[in-house]
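Read off the chains here:
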Amino acid sequence: QHYFIQSNLSHMTSIIKVTPLLGALDTGTAVCYLLKVDQYTLLLDCGLDVAKLSEFTARIMQHINHINAVLVSFPDIDHMGALPYLYGTLGLDCPIYGTVPVYNMGQMFLYDYYQSKNSSEDFNIFTLDHVDSVFDHFQQMKYCQTLTVCPGIAITPYAAGHIIGGTMWKILKDDEEDIVYAIDFNHKKERHLNGALFNNIIRPSLLITDAYNATFEYKKRRKRDQELTYA
């Protein structure tokens, strides 16, 4: 399914198109979105769902030669598990942006995933060399740091909670239209991690988010601490 947004204000002339490749209208946890702003295309996360790999490949191959940058929100398989496949097999060749913890933990996630799969089955989706190729393209960022990734398009990562290094992305077009990509965030402060920060995200032109945990009921902190202590 495609989502098409065009501003109707005279001073906002960008054409914005969002195409969900994984994670929309299903119960899977892997996510991947394409965001096209005028002639530039950003890949927002790139999770791995082995059961849907053929369908995903057919969709992504329609856009693979037009992707200008990849933004990674979290360092797990659901958010970056398919990147080695894209860079090693499908030929994607563009910069990847993420925070320092996403870079460091993402390597461990992908190495561990490959080793566990390869030791128990004939795993041929990607190799360790493909994982290394992903991180050769990686550019590490700090929270609130702004970088220009395409002419007129700047990105800024903000803390999303949930996992160390987790990110909500603010994408600014020509200093006037701001797009916020915020999924799997946690606004509650935990003992080891602060919650998501929304101070710099106010009334964006477009918000891309999810409702995966909308009905999840969090246990009280004391109850969770007791379960952890006596596990």
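Please refer to the structure placed before this passage.
Just so it is clear, the structure is predicted and the values come from calculations on it, not from any experiment.

Caption draft 1: Structural context of the packing of helix 3 (residues 83–90) against helix 5 (residues 128–136). Running from N to C, helix 3 and helix 5 point in directions that differ by 100 degrees, and their axes come no closer than 8 Å. Classified by the angle their axes make, helix 3 and helix 5 are roughly perpendicular. Within the contact between the two elements, helix 3 uses Leu-83, Pro-84, Tyr-87, Gly-88 and Thr-89 and helix 5 uses His-130, Val-131, Ser-133 and Val-134.

Caption draft 2: Spotlight on helix 3. Of all 8 residues making up helix 3, 6 are buried, and the element is well covered by its neighbours. Along helix 3, the positions that sit buried rather than exposed are Leu-83, Pro-84, Tyr-85, Leu-86, Tyr-87 and Leu-90. Where helix 3 terminates, the next one or two residues include Gly-91, which has phi positive at roughly 90 degrees.

Caption draft 3: Structural view of the packing of aromatic side chains. For the coordinates displayed, the defined rule picks out 9 aromatic pairs. Between the aromatic rings of Tyr-113 and Phe-126, the centroid separation amounts to 6.3 Å while the plane-to-plane angle is 25 degrees, which identifies the pairing as stacked. Pair noted here: Tyr-113 is in helix 4 (residues 100–120) and Phe-126 is in the loop between helix 4 and helix 5, with a separation of 13 residues, a long-range link. Overall, the relative accessible area of 15% leaves Tyr-113 in the buried class. Assessed through its relative accessible area of 1%, Phe-126 is described here as buried. Seen from their ring centres, Phe-135 and Phe-138 are 5.6 Å apart, and the 20 degrees between their planes marks the pair as stacked. Taken individually, Phe-135 and Phe-138 each receive the classification buried, so the pair is uniform in this respect. Aromatic ring contacts, followed pair by pair, group Tyr-113, Tyr-114, Phe-123 and Phe-126 into a single cluster.

Thresholds applied
- Residues numbered from 1 in each chain as written.
- Predicted model: local features only at pLDDT ≥ 70, side-chain atom pairs only at ≥ 80, totals over all residues.
- Heavy atoms only, no water.
- Axes fitted to C-alpha atoms, helices over the stretch in contact; angles between N-to-C directions.
- Helix = DSSP H or I, 4+ residues; strand = E, 2+ residues; numbered from the N terminus.
- Parallel < 35°, antiparallel > 145°, perpendicular 65-115°, else oblique.
- Contact = heavy atoms within 4.5 Å.
- Buried < 20%, exposed > 50% of the residue type's maximum accessible area, 1.4 Å probe, protein only.
- Phe/Tyr/Trp six-rings, centres within 6.5 Å; stacked < 30°, edge-to-face > 60°.

Remember that the coordinates give geometry; whether it matters functionally is a separate question.
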